[in-house]
Every structure is written in structure tokens, then in C-alpha cells.
Amino acid sequence: MTRKQFDEVFSCFQLSEIISQTPSKRKAKKILETFSCSKNLDLQDFLHNKALTFEQHLRSRTYLYFDNETKEIAAYYTIAISVFFTNGISNETIKLLDGYKDDIKTIPCFLIGQLGKSEKYERFKIGEYMLTDALEIIDSSHKSLGGRFTLIDSVNNSKVLSFYKDNSFLAIEDNEDSESIKMIRPYFEELE
Amino acid sequence: MTKAFLEPLVLKPENEKFIREAFSKSNMDRVKKFDAIKRPKLKKIKDRKLSITDLF
């Protein structure tokens with residue numbers, strides 16, 4: 001699917017827009033429940049049971065892609081600002097992450113906590129477009145606020161990890177038994 | 001995953017080498033190449049077709 005086709009088939013809405021226009025929380029929840037992903041229940045459960053509360057309490061922002069025909073949610077991603085804890089890490093590595101201090105305990109970062117599609121759209125290659133949209137929003141915040149890197153907490157699946165690697169992220173963990181793997185995409189401007 | 005929102009984001013000391021790699025010159029070149037060549041082709045072209053009221 002080309003980007004043009006993707007834009008023709010899907011419409012993206014921020015969850016906050018839907019909350020502000022929906023008469024009741026029940027209605028908003030019903031819309032979110034049009035998304036299904038039995039292969040990744042964490043992805044499904046987050047949207048069904050947490051995204052609404054997180055949005056209302058300003059913990060994160062969720063962006064939903066609706067199928068223009070069915071009006072069902074085909075895919076979504078959730079982004080937030082977060083902090084990375086440095087306990088146990090060497091001063092040299094802390095300085096790389098922070099860019100200034102080598103003894104700081106937490107480093108702010110942008111987080112892509114969820115990104116995925118409904119099982120009905122499994123064959124649609126749309127992840128790159130969604131990730132690009134998420135990075136555009138994060139870059140806009142980065143331009144205004146600064147920030148050292150974006151972190152993705154990816155499902156520990158070789159296909160998914162390759163997808164993120166092909167799209168400029170790099171794993172910062174290597175654990176076959178872990179449920180997820182953290183990957184980062186640093187900002188490099190000041191290194192030039 | 002959901003736990004990224006709920007649990008502290010930490011790194012095991014044995015994985016520090018990956019941080020060094022992420023901030024390396026070779027990775028900088030890789031990211032910049034991605035941003036210059038691949039990323040522009042993935043950016044949004046058209047505005048959404050549906051309006052918010054279409055969803056209710």
C-alpha cells in the first residue's frame with residue numbers, strides 16, 4: 001500500500017478529539033472496542049481498557065486510524081513523554097544519554113508505548129506510515145522542547161524488531177526471554 | 001507495550017554497549033540516511049477524509 005492509498009483508506013483522529021465530541025464515555029469506549037488484535041492482547045487491552053483513562057489524565061496521547069468505509073479502528077499508536085532511569089549505568093553512558101551530565105538519575109525521553117494494527121488489517125503494510133506519523137509529532141515537540149531520544153518498547157519478536165531497525169531504531173537490550181525489547185532513536189544535531 | 005507506561009524504564013549495565021552503539025557515528029549516519037531518503041516517502045500526503053461526526 002502506498003502512502004497515497006493509505007491516506008485514502010484511513011482517517012486519523014487523536015483520541016482527545018473523540019472524547020471532547022462524544023456525548024458519553026461509554027460511547028467513546030464502544031468506538032475503541034471496534035479494534036481487535038488477538039495476536040497481541042497487550043495492544044488490544046491497552047486500547048480497550050487504558051487509553052481512555054490515560055488520555056483524560058494526560059498520561060499519553062493516542063492516535064487512531066479509522067477505516068473510511070467501516071468506521072472501525074484499523075490501527076493506532078500511543079505516545080507520551082517519559083523518563084529513563086540510569087541507576088547502575090556507568091557515568092560515561094549516562095553522559096551519552098543525557099548529553100550534558102554524567103551523574104543524573106533520570107533522563108527525559110519521548111516514548112512510543114504502543115503501535116499496531118487490528119488483525120483484520122494484518123496483511124496491510126501500514127506500520128511504516130504510522131511510525132512516520134508518530135515521529136512527525138515527536139519531532140515537532142522536540143523542535144520546541146529539545147530531548148535526546150525516542151524510545152520504543154517493542155514486542156520481542158524478530159519480525160517486529162527488524163521492522164523498527166529498518167525504520168531507524170536500534171535495540172538497547174538483548175534478551176531472548178524478555179517480553180519486550182527497548183529500542184531508541186537518538187537525536188544527533190549537536191554531534192555534527 | 002503497556003508496561004512502558006506503568007513501570008520505570010531501566011537498562012541493565014550489561015546492555016550499555018548498545019547505548020554506545022546507538023549514539024555512535026555509524027548509527028548517526030544510518031539515522032540521517034533514513035531521514036534523508038526513506039522518511040520523506042512515508043510522510044502524509046492527504047488530509048483525512050472522515051470528519052469527527054462521521055464516527056458517531
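Structure's up top.
Our subject in this report is the structure included herewith. Residue numbers run consecutively from 1 along every chain, following the written order of its sequence. Following the order in which they are written, the chains are lettered starting with A and the ligands numbered starting with 1. Since the coordinates come from a predicted model, pLDDT governs what is reported: local features require at least 70, and pairs of side-chain atoms require 80 or more to be given and counted, while whole-chain, interface and lining totals use all residues. With hydrogens and water excluded, all non-hydrogen atoms of the structure serve as input to the side-chain values.

With that out of the way, let us pick up the overall build of chain A. Helix and strand counts for chain A stand at seven helices and seven strands. Going from the N terminus to the C terminus, chain A shows its helices and strands as α-β-α-α-α-β-β-α-β-α-β-α-β-β. Relative to the globule expectation of 16 Å for 192 residues, the C-alpha radius of gyration of chain A, 17 Å, shows essentially globular dimensions. Taking all 192 residues of chain A together, 49% fall into the buried category. Within chain A, residue pairs in contact and separated by at least 24 positions form 63% of the contacts whose partners lie at least 6 positions apart. Only carbon and sulfur atoms are counted for the fraction: they give 49% of the accessible area of chain A, which is about 9300 Å². The sign given to each residue is positive for Lys and Arg and negative for Asp and Glu; His and the chain ends receive no count. Every charge is mapped to an atom, namely NZ of Lys, CZ of Arg, CG of Asp or CD of Glu. One way to put it: in chain A the 25 positive side-chain charges average out to a point 6 Å from where the 30 negative ones average out. Counting from the N terminus, the helices are the DSSP runs of H or I reaching at least four residues and the strands are the DSSP runs of E reaching at least two. Restricting the calculation to C-alpha atoms gives the radius of gyration, and the globule rule supplies 2.2 Å times the number of residues raised to the power 0.38. Throughout this description, buried means an accessible area under 20% of the type-specific maximum (1.4 Å probe, protein chains only), exposed means over 50%, and partly exposed covers the range between. Here, two residues are considered to be in contact whenever any of their heavy atoms come within 4.5 Å of each other. Throughout, the Shrake-Rupley method with a 1.4 Å probe supplies accessible areas, and for residues the shown protein chains are the sole cover considered.

This part covers the interface of chain A and chain B. Contacts between chain A and chain B engage 73 residues on the former and 44 residues on the latter. By the criterion of area lost to chain B, the three top residues of chain A are F13, L170 and F188 of chain A, representing 11% of everything that side buries. The residue K49 of chain B makes a salt bridge to E8 of chain A at a minimum N-O spacing of 3.3 Å. In the analysis that follows, any N or O atom pair within 3.5 Å is treated as a polar contact, provided that within protein one partner can donate a hydrogen and the other can accept it, and provided that, for residues neighboring in sequence, both atoms belong to side chains. On inspection of chain A and its partner chain B, the count reaches 28 residue pairs in polar contact (both at pLDDT 80 or more). By buried area we mean how much accessible surface two parts lose on assembly, using a 1.4 Å probe and totalling the loss over both. Any carboxyl oxygen of Asp or Glu within 4 Å of a side-chain nitrogen of Lys or Arg constitutes a salt bridge here.

Bringing the packing of aromatic side chains into the picture now. The relation between two aromatic rings is expressed through the spacing of the ring centres and the mutual angle of the planes. All names here are of chain A. Two aromatic rings, drawn from Phe, Tyr or Trp (for Trp, its six-membered ring), form a pair once their centres lie within 6.5 Å of each other, and the interplanar angle then sorts them: stacked below 30 degrees, edge-to-face above 60, tilted otherwise. Summed over the entire model, instances satisfying the criterion amount to 17 aromatic pairs over all chains. For the ring pair F84 and F149, a centre distance of 6.0 Å and an interplane angle of 85° mean the geometry is edge-to-face. Residue F84 is found in strand β3 (residues 73-85), and its partner F149 is found in strand β5 (residues 149-155); the two are separated by 65 residues along the sequence. Accessibility assignment for this pair places F84 and F149 in one class, buried. Arranged with centres 5.0 Å apart and planes meeting at 65°, the rings of F163 and Y164 form a pair that is edge-to-face.

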